[in-house]
Amino acid sequence: MSQDRPGPTQAQMQQMAEAVVRGLPEKFRQQMGEIVMRVEDFATVEQLESVELTSKWELTGLYEGVALTERSVWESHRMPARIWLFREPLIAEWRDTGVRMDDLVRHVVIHEAGHHFGFSDDDMHWLEDNAD
């Protein structure tokens, strides 16, 4: 049972997340080249506040950046967009639900990537359904 097994390390979760990106349809994968993907144990207080959450256990992933649909050709020197995965809340969800860890990571990465593309929830579901 997943309760007895240790969760993945940050490095292992990073590898899972990078595998998700490699499995995206080519046209999306090309547009994600600039995104920095990071795994941390928990979100910072500032990250939690940015999505109006108070508990560090509530946030499994976060997109920080400007969606492609909202960018201007006049912008310059922008920090690269980031997708954050928060390891401890993901491990807690894995233990609580029994959903495979790679499926949880896949869901969170695709959801956060959807924000990068300016997708609606329906578009995010389509992308998740069409990723390897």
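Summary of the structure given here.

Definitions and limits used
Residues numbered from 1 in each chain as written. Predicted model: local features only at pLDDT ≥ 70, side-chain atom pairs only at ≥ 80, totals over all residues. Heavy atoms only, no water. Phe/Tyr/Trp six-rings, centres within 6.5 Å; stacked < 30°, edge-to-face > 60°. Helix = DSSP H or I, 4+ residues; strand = E, 2+ residues; numbered from the N terminus. Buried < 20%, exposed > 50% of the residue type's maximum accessible area, 1.4 Å probe, protein only. Lys NZ or Arg CZ within 6 Å of the ring centre and 35° of its normal. Salt bridge = Lys/Arg side-chain N within 4 Å of Asp/Glu carboxyl O. Expected span 1.5 Å × (residues − 1). Contact = heavy atoms within 4.5 Å.

1. Quick look at the packing of aromatic side chains
Link 1 in the chain: On inspection of all chains with the given rule, the structure shows two aromatic pairs.
Link 2 in the chain: The interplanar angle of 80 degrees and the centroid separation of 4.8 Å between the aromatic rings of F42 and W57 together place this pair among those described as edge-to-face. Remark: W57 occurs in the loop between α3 (45–50) and β2 (61–64) and F42 occurs in the loop between β1 (36–40) and α3; sequence separation between them is 15 residues.
Link 3 in the chain: Given the relative accessible area of 23%, F42 is considered partly exposed.
Link 4 in the chain: For the pair W84 and F86, a centre-to-centre distance of 6.5 Å together with 5 degrees between the ring planes defines the contact as stacked.
Link 5 in the chain: Residue classification places W84 among the buried positions, given a relative accessible area of 11%.
Link 6 in the chain: The class of F86 is buried, set by a relative accessible area of 0%.
Link 7 in the chain: The ring of F42 has K56 lying over it, and the distance from NZ or CZ to the ring centre is 4.3 Å.

2. Re the pattern of salt bridges
Link 1 in the chain: As enumerated under the stated definition, the model contains six salt bridges in all.
Link 2 in the chain: Between R100 and D102 there is a salt bridge whose closest N-O contact spans 2.4 Å.
Link 3 in the chain: Looking at D102, the relative accessible area reads 33%, which means it is partly exposed.
Link 4 in the chain: Put simply, R100 and D103 hold a salt bridge, and the shortest N to O gap is 3.7 Å.
Link 5 in the chain: The class for D103 is partly exposed, based on a relative accessible area of 34%.
Link 6 in the chain: Within this structure, D41, R87 and E88 form a network of salt bridges that share partners.

3. Here we look at helix α1 (residues 10–22)
Link 1 in the chain: Between its first and last C-alpha atoms α1 spans 18 Å; for 13 residues at 1.5 Å apiece the expected length is 18 Å, and the two agree.
Link 2 in the chain: For α1, the elements touching its buried residues are α2 (26–31), β1, β3 (82–86), α4 (87–97) and α5 (101–117).

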